[in-house]
Every structure is written in C-alpha cells, then in structure tokens.
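The chain contents come next:
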Amino acid sequence: MIKSLKEISWQVDEPTYRADDALSYSTLAKYEREGKFNSLPKLFDRVSTPSLTFGSMVDTLITGTKEEFDNLFMVVDFPAISDSLVEIATTLYNKYSKHPDNIFEDYYERFEDIPESILATVGKECNFYANDKYASYRAKIIKEGCKEYFNLLKLSEGKVIVDNDTADKAYKAVEALKTSNATKFYFKDDSPLEPNIERYYQLKFKATDSIGLVNYRCMADLIIVDHATKTIQPIDLKTSSHAEWDFYKSFMDWRYDIQARLYYRIIQSNCAKDDYFKDFEILDYKFIVVNKSTLTPLVWTYPHTQVQGTLKYSLNSGYMFTLRDPYEIGKELNYYLCHPDVKVPRDIGDDNNIVEFITK
C-alpha cells in the first residue's frame with residue numbers, strides 16, 4: 001500500500017518553520033559566503049531585494065494558488081524608482097509608520113510629517129549619498145522620491161508591492177517552466193494515469209547531525225516520489241539573474257552545494273526511520289533554473305549531493321578551491337551561536353602562522 005511522504009514530514013505552517021531555531025541552508029550559506037566569523041553580527045538580518053521578491057513570486061505561483069499569491073503580493077502601477085529608494089522607503093515605513101508590526105515608539109501619520117533629519121539618517125544607513133556633506137541633498141531626494149512608494153506600503157497592509165511588468169515576467173517564467181520540454185514533467189499535476197508518481201511542494205523536514213549536536217531544518221521546493229521504482233527526487237527551483245546555461249555561476253555564488261548536501265541528509269534521515277521509505281533511494285539533487293529574460297528553463301543535477309566531507313575542485317587555470325561540508329559549517333556556527341561572548345574566531349591562537357591561514 002502506498003504511503004504519503006507527507007506523513008513523515010514536519011507538518012507545520014511556514015511562520016512556525018521560519019521561527020524555529022534549527023539551522024537552515026540560508027543561514028549556513030550566508031555564514032560561509034560573508035566571511036564566517038565576521039558575518040555573525042548581521043547573520044539573521046532580514047534581506048529583501050528585487051531578485052528575491054521575483055523568486056518568491058515564481059515560487060508562489062508554481063507551488064501555491066492564485067489566492068495565496070494575492071495574499072502575499074499587491075500588483076500596482078507606480079513610477080519607477082531606484083532599488084535604493086525602495087529600500088529607504090521600506091525602512092521608513094517599517095520604523096516610522098503606524099502599523100501593527102511596528103515595534104518602534106515613534107511614528108508619523110503621514111510621510112510629510114517625517115522630519116528631514118530622519119530622512120537623512122535613514123538614507124545614510126542605507127548607504128545613499130552617505131557622505132555627511134550631502135545630508136541636505138540626501139533628504140531632499142528622499143522626500144521627493146519615496147513619498148508615493150511609502151504611501152503604497154501603507155495601502156498594501158503588509159503585502160509586497162510589485163509593478164505590473166514584474167508580475168507579468170513572473171507569470172511568463174511560470175508558463176515557461178510548465179511548457180518547456182526540459183521541465184514540464186516536473187511541474188505536471190499528478191495524474192491517475194501515473195498512480196505511482198506523487199509530487200509534493202514545500203514539504204518540511206527536521207533532522208539532527210550524526211553525533212546529535214546540531215539541529216537542521218529544510219523546506220524543499222519540490223519532491224517527486226516514484227513508488228514503483230522506489231526513488232525520491234528532490235528538486236529546487238531557482239530564478240537566476242544569469243542565463244540558464246550560466247547557472248554554474250549562481251551555484252558557486254550562492255553556495256547551492258550546501259543546500260543540496262544538507263537537504264539530502266535531512267530527507268534521508270527521516271526516510272531511514274520509516275519502515276516504508278527506508279528502502280527508497282534518494283536521488284542526487286536537481287536544480288531547475290529559469291531567467292526572466294531568456295525564459296529557457298534548464299535542469300542541472302549536482303552529482304556530489306551524497307558526498308560527505310570537504311570537496312575540492314580544480315579549475316582549468318589550476319586554481320584549487322574547497323567547499324566545506326554542511327555539517328562542518330553547522331558545527332562551527334553552532335559553537336559561535338552558543339557562545340556569543342567569543343571575541344575572535346575559535347581557531348585564532350596567541351601566536352598564528354599566517355601561511356596556514358592564507359592556504360586554508
């Protein structure tokens with residue numbers, strides 16, 4: 001009798017998932033990408049960019065419903081402004097507008113009521129004309145450029161604001177994913193004609209490393225279970241600024257090797273404990289990538305998904321680089337999170353060999 005993979009997943013809503021203190025791919029990758037020990041002060045800062053918003057739109061349209069999309073996003077026409085001004089307007093709204101999520105004491109009913117000194121300060125914090133000699137000019141540009149977007153944020157009631165052009169591109173990306181010969185199989189609806197194949201979106205799992213020190217969590221974009229062949233295919237959907245054929249650049253930039261190897265282990269750990277799924281083979285991670293301009297979806301498989309330990313790759317130039325194991329990263333990061341008073345990296349001693357650190 002077929003058993004649903006959902007039965008052994010961690011069945012919580014997304015806010016509960018996000019609030020859990022188990023380590024995730026995004027935290028490990030940010031720690032590793034942004035200087036390890038130096039990244040700790042801002043490790044859990046919330047980041048919002050147009051690229052992340054676009055990716056979230058495509059994810060929601062693929063894995064959710066139109067209603068869920070409309071609950072998360074407000075599509076409107078508004079004058080084009082720079083990403084810097086969007087960031088400033090959003091910061092001003094979060095800190096100085098009256099709304100239920102505002103934890104700050106000072107707020108203003110209207111954008112026009114916000115003092116220029118605050119506009120200048122927030123602009124500097126966002127690195128917008130940050131030199132102090134531009135303080136007056138900075139405030140003037142913000143006052144003129146952010147008002148309409150600020151007011152839209154008030155109207156949106158917590159939804160993410162996107163323009164019609166961006167929404168249209170997201171719909172086209174989803175259409176490409178569902179119709180391309182390379183990717184349409186993955187996003188088909190389950191069919192009675194294929195009773196042994198089941199597709200699951202956004203299944204969540206938790207697991208602990210092999211020595212029981214660190215807890216991890218994951219939420220997989222898509223998992224395809226084939227009960228006839230006893231295989232489980234985990235898949236992640238990526239919207240990339242690079243063309244689909246240049247995905248290897250994004251793979252390295254965002255350290256997707258960490259995601260593939262970590263998710264594989266978490267899913268495998270849960271399957272190994274279940275009498276039905278313990279005999280299933282979990283396949284190497286696949287990444288499905290689409291670019292909003294080229295709209296040529298491609299599938300990329302990571303053949304080292306199941307490899308444990310540090311990986312070493314050599315480029316044609318002869319340059320050698322290493323990719324640390326997710327559990328090694330997690331163990332190190334967990335130490336710092338459990339010892340917030342540590343002032344220097346753990347491997348720094350009283351007397352240090354500089355060549356060792358250059359060649360690490």
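Structural data are supplied above this passage.
Lay out the environment of isoleucine 8 in plain terms, naming residues and giving numbers.
Tracing the sequence through the fold places isoleucine 8 in the segment before helix H1 (14-19). The sequence separation of isoleucine 8 and asparagine 270 amounts to 262 residues, and the corresponding C-alpha distance is 6.9 Å. When sequence neighbours within four positions are dropped, the list of residues in contact with isoleucine 8 reads Lys3, Phe205, Asn270, Cys271, Asp274 and Phe277.

Give a detailed account of the pairing of strand S3 (residues 197-208), specifying residues and quantitative values.
Both S3 and strand S4 (residues 215-226) contribute to a ladder of 11 bridges, which runs antiparallel. Bridge assignment links isoleucine 197 to a residue of S4, and that residue is aspartate 226. From the end of S3 to the start of S4, which pair antiparallel, there are six residues, and glycine 212 there has a positive phi angle of about 70 degrees.

Hey, could you go over the side chain of threonine 60 for me, with residue numbers and the actual values?
Looking at the element boundaries, threonine 60 is found in helix H3 (residues 50-63). Apart from the residues within four sequence positions on either side, threonine 60 is in contact with Thr65, Glu68, Phe69, Leu72 and Phe73.

Give me the nonpolar core: which residues, what numbers.
The biggest cluster of nonpolar side chains holds 46 residues, and the ones touching the most others in it are Leu5, Phe205, Ile223 and Ile232. Take this core: its biggest share by element is nine residues, from helix H11 (residues 256-272). With sequence-adjacent residues up to four places away left out, isoleucine 223 is seen in contact with Leu5, Glu198, Arg199, Tyr200, Leu203, Phe205, Ile232, Gln233, Pro234 and Ile267.

For the pattern of salt bridges, give the residues involved together with the corresponding values.
One pass over the full model with this rule turns up 25 salt bridges. Here lysine 95 makes a salt bridge to glutamate 125, at a shortest N to O gap of 3.8 Å. With a gap of 30 residues between them, lysine 95 in helix H5 (residues 83-96) and glutamate 125 in helix H6 (residues 116-125) connect regions that are remote in the sequence. Overall, lysine 95 belongs to the partly exposed group, its relative accessible area being 23%. Between aspartate 190 and arginine 199 there is a salt bridge, and its shortest N-O distance comes to 3.0 Å. For aspartate 190, a relative accessible area of 40% gives the class partly exposed.

Rules used in this analysis
- Residues numbered from 1 in each chain as written.
- Predicted model: local features only at pLDDT ≥ 70, side-chain atom pairs only at ≥ 80, totals over all residues.
- Heavy atoms only, no water.
- Helix = DSSP H or I, 4+ residues; strand = E, 2+ residues; numbered from the N terminus.
- Contact = heavy atoms within 4.5 Å.
- Pairing = 2+ DSSP bridges.
- Core = buried A, V, L, I, M, F, W, Y, C linked by side-chain atoms within 4.5 Å.
- Buried < 20%, exposed > 50% of the residue type's maximum accessible area, 1.4 Å probe, protein only.
- Salt bridge = Lys/Arg side-chain N within 4 Å of Asp/Glu carboxyl O.

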